[in-house]
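# Geometric and topological summary
The chain contents come next:
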Amino acid sequence: MRQPSLRPFVLAAILVAIATTAQAQGLIDPKRGEEIARAWCANCHLVSADQGGTVAADAPAFTALTLEAGYSDERLRGFLSVPHGPMEGLTPDNRQIGDLIAYIRSLQE
Ligand code: HEC
């Protein structure tokens, strides 16, 4: 008896994998930035209005990182490309930095 071919399933799995990857590499997303901020930055920074707990006194609140205060996208990107404070090992990649900046900007709209 002939085994049913697995080929259509393998092909479908590959297509799903490609679609998922494309989505993951997709556009800048402030929502994703917020998740990163809550997970990585909220230990030290006030990253949202509803945040509880304590933060580091010398870490600026994300609402203070405005263009008016001199925090251009380039400055934020440059700053976040290297770890700061004791956040070793938490260096966000390029896309995550984009998401974080989009989130920070969304706080100021
Ligand atoms: C362990 C504590 C800690 C964590 C975690 C942390 N920060 Fe900071 N951050 C600080 C402190 C303290 C300062 C102020 C002193 C300095 O500039 O290093 C600061 C300053 C900054 C500044 C201002 C830089 C400037 O040019 O003045 C930005 C932007 C910033 N942090 C973003 C982030 C983001 C985004 C994350 C999460 C990915 C994060 N920080 C995580 C402690 C932290």
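Note that this is a predicted model, so its numbers are computed, not measured. (Residues numbered from 1 in each chain as written. Predicted model: local features only at pLDDT ≥ 70, side-chain atom pairs only at ≥ 80, totals over all residues.)

### Comments concerning the overall build of the protein chain
Rules: For helices the rule is a DSSP run of H or I covering at least 4 residues; for strands it is a run of E covering at least 2, with both sets numbered from the N terminus onward. Residues are called buried when their C-beta atom has 20 or more other C-beta atoms within 10 Å, exposed when it has 12 or fewer, and partly exposed otherwise; all C-beta atoms are positioned from the backbone. Contact between two residues is assigned whenever their backbone-derived C-beta positions fall within 7 Å.
Across its full length, the protein chain holds four helices and zero strands. Along its sequence from the N terminus, the protein chain presents helices and strands in the succession α-α-α-α. Within the protein chain, the proportion of its 109 residues that are buried is 14%. In the protein chain, of all internal contacts separated by at least 6 residues, the share reaching a separation of at least 24 is 57%.

### What about the nonpolar core?
Cut-off, in case you're wondering: Remark: nonpolar core denotes a set of buried Ala, Val, Leu, Ile, Met, Phe, Trp, Tyr and Cys residues whose joining runs through C-beta atoms within 7 Å.
Residues A37, C41, V47, F62, L65, L80, I97, L100, I101, Y103 and I104 constitute the largest nonpolar core, which totals 11 residues. Going through the elements one at a time, α2 (30-41) and α4 (94-106) are the ones with two or more residues in this core. Take this core: its biggest share by element is five residues, from α4.

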